[in-house]
Amino acid sequence: MDERKRLEELRAQLAEIDHQILRQVEKRARLAQDIIRLRTGTARFAPLADGPHIQALEQAVSPPLSASAVRPLFTAIDAASRIFEVAPRVVFLGAEGGFGWTAARQHFGLNTELVRTENAAAAIDEVARSRAEYAVVPYESLKDGPIFPTIQAIAGADLKLVGEHELTQVLCLVNATGNPADIEKIYVSPHDHLATMGYLEANHPRTTVLDVRSPLLALELAAGDHGSAAIVPRASLGAASELRVARENIGDDGEIRMRYGVVSRLPAPRSGADATALLFGVHDKPGALHEILQHFKEKSCNLRRIQSRPVPGEGWEYVFYVEVFGHATDRNLVAALEGIKLEAKMLKIIGSFPLERPERTPSEPAERHR
């Protein structure tokens, strides 16, 4: 058999398999609709493929696919399967094509109505006033830790944290050829311009740099303008497949890992691999913090993280932020929180949410290498 005929046969087999995959995805979407209709009194638009589900798929994958290919593949399939009778209205921070926009699209999928705001307080207010079902807001950075003004705004508005989405933020320079020497003009959003000032001064001191409304517009202009380029987040490159990366990771602060929080008026359903976020204050007496934490220990509730911040306008008084493994409806966590209410000066549950990447707690045995 000649090579050309063999190639045609392989392509035909590939097309047949793709149609089979499409039929299965359609079947999955119908099942997703049944699950969504049964979600009453909770955040209905939460992903169906939660952390444990995807981890099981990562463990089941076999060559030539790698485990690293599983999460983005099934996250996209899950987002496409969640087709709603009325698309959820989701508020994000920043410009179209920016990091907040990317986090919202990755979490909720393409069938979502995205609305931009300039700051987290405005996004949270949109949800509190029932003008949006969800807000996706920066919640924690690897560099600076939890963003307390956002956490306190969620608590103050009596909303719930119902999801997390981690995003590695990287800025790229893209053009038609992938060669930086061909660039005469660069389109960039004001935010990304500020984040790459050092790179531009060192590498493109004589290049014309034009500020535009958003990364998506920068991509559009660069694609239609010979000799031009765009500076955009790496995750937005799918919107302009004809452009190639000329320089990767050009932000002055380098790669930034940000955890975004998903905020809703309704609580998240239990997934089986959850965490609960809460704020508490302690009375001014010896051993007050120890007494609070002892309740978690006695009820076998493992802490994921704990940090403190001074309360604005309250002198040297501090508030503690805690994430504990488990859902707020889990029996042991309910018991622990009941005890804490009696000891704490203040206790506020920010919300329970499914872990995007479930973590092994110290009480769980490590899986053996095969």
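Please read all numbers here as calculations on a predicted model, not as lab measurements.

Definitions and limits used
Residues numbered from 1 in each chain as written. Predicted model: local features only at pLDDT ≥ 70, side-chain atom pairs only at ≥ 80, totals over all residues. Heavy atoms only, no water. Helix = DSSP H or I, 4+ residues; strand = E, 2+ residues; numbered from the N terminus. Buried < 20%, exposed > 50% of the residue type's maximum accessible area, 1.4 Å probe, protein only. Pairing = 2+ DSSP bridges. Axes fitted to C-alpha atoms, helices over the stretch in contact; angles between N-to-C directions. Contact = heavy atoms within 4.5 Å. Parallel < 35°, antiparallel > 145°, perpendicular 65-115°, else oblique. Left-handed = near helix turned anticlockwise from the far one by under 90°. Nonpolar A, V, L, I, M, F, W, Y, C, P; charged D, E, K, R; others polar. Phe/Tyr/Trp six-rings, centres within 6.5 Å; stacked < 30°, edge-to-face > 60°.

(A) Region of the structure containing unusual backbone geometry. The peptide bond linking Pro63 to Pro64 adopts the cis configuration, its omega dihedral lying at 10°. When you line up the elements, Pro64 lands in the loop between helix 2 (51-60) and helix 3 (70-81). A positive phi is found at Asp158, a non-glycine position, where the angle reads about 60°. Topologically, Asp158 is positioned in the loop between helix 6 (148-156) and strand 5 (160-169). For Asp158, a relative accessible area of 49% puts it in the partly exposed group. Positive phi values are uncommon outside glycine, yet Ser300 reaches one of about 55°. Within the secondary structure, Ser300 sits in the loop between helix 10 (288-298) and strand 13 (303-310).

(B) Geometry of the sheet that holds strand 9 (residues 228-233). Strand order in this open sheet of 5 strands is 8-7-9-6-10, and the pairing throughout is mixed. The outermost strands of the open sheet, each flanked by one partner alone, are strand 8 (208-211) and strand 10 (244-247). Taken over all neighbouring pairs, the strand axes of this sheet differ in orientation by 35° on average, direction set aside. The sheet strands contacting helix 9 (residues 215-223) are strand 6 (171-175), strand 7 (185-188) and strand 9, and the helix crosses strand 9 at an angle near 155°.

(C) Structural detail: the packing of helix 10 against helix 11 (residues 331-343). Packing of helix 10 against helix 11 leaves a shortest axis separation of 8 Å and a crossing angle of 165°. Considered as vectors, helix 10 and helix 11 are oriented roughly antiparallel to each other. In this structure, the crossing between helix 10 and helix 11 has a hand that is right-handed. The residues of helix 11 that touch helix 10, namely those facing Glu291, Ile292, His295 and Phe296, are Leu333, Ala336, Gly339, Ile340 and Glu343. Looking at the contact of helix 10 with helix 11 residue by residue, the classes come out as 5 nonpolar, 2 polar and 2 charged.

(D) Broad picture of the sheet that holds strand 12 (residues 274-281). In spatial order, the strands read 13-14-12-15; together these 4 strands make up an open sheet with antiparallel pairing. The two strands at the open ends of the sheet, each matched to only one other strand, are strand 13 and strand 15 (346-354). The mean inter-strand angle of the sheet, taken between neighbouring strand axes irrespective of direction, is 15°. In terms of strand pairing, strand 12 meets strand 14 (residues 318-325) through 7 bridges, oriented antiparallel.

(E) Seen up close, the packing of aromatic side chains. Per the stated rule, a full pass over the model turns up 4 aromatic pairs. Here Phe108 and Tyr134 contribute two aromatic rings whose centre-to-centre distance is 4.8 Å and whose plane-to-plane angle is 50°, an arrangement assigned as tilted. Residue Phe108 is located in helix 4 (residues 99-108), and its partner Tyr134 is located in strand 3 (residues 134-141); the two are separated by 26 residues in the primary sequence. Its relative accessible area of 1% is what places Phe108 among the buried residues. Relative accessible area serves as the criterion here: at 3%, Tyr134 is assigned to the buried category. For the ring pair Phe148 and Tyr321, a centre distance of 6.1 Å and an interplane angle of 75° mean the geometry is edge-to-face. Of the two residues, Phe148 is situated in helix 6 and Tyr321 in strand 14; the sequence distance between them amounts to 173 residues.

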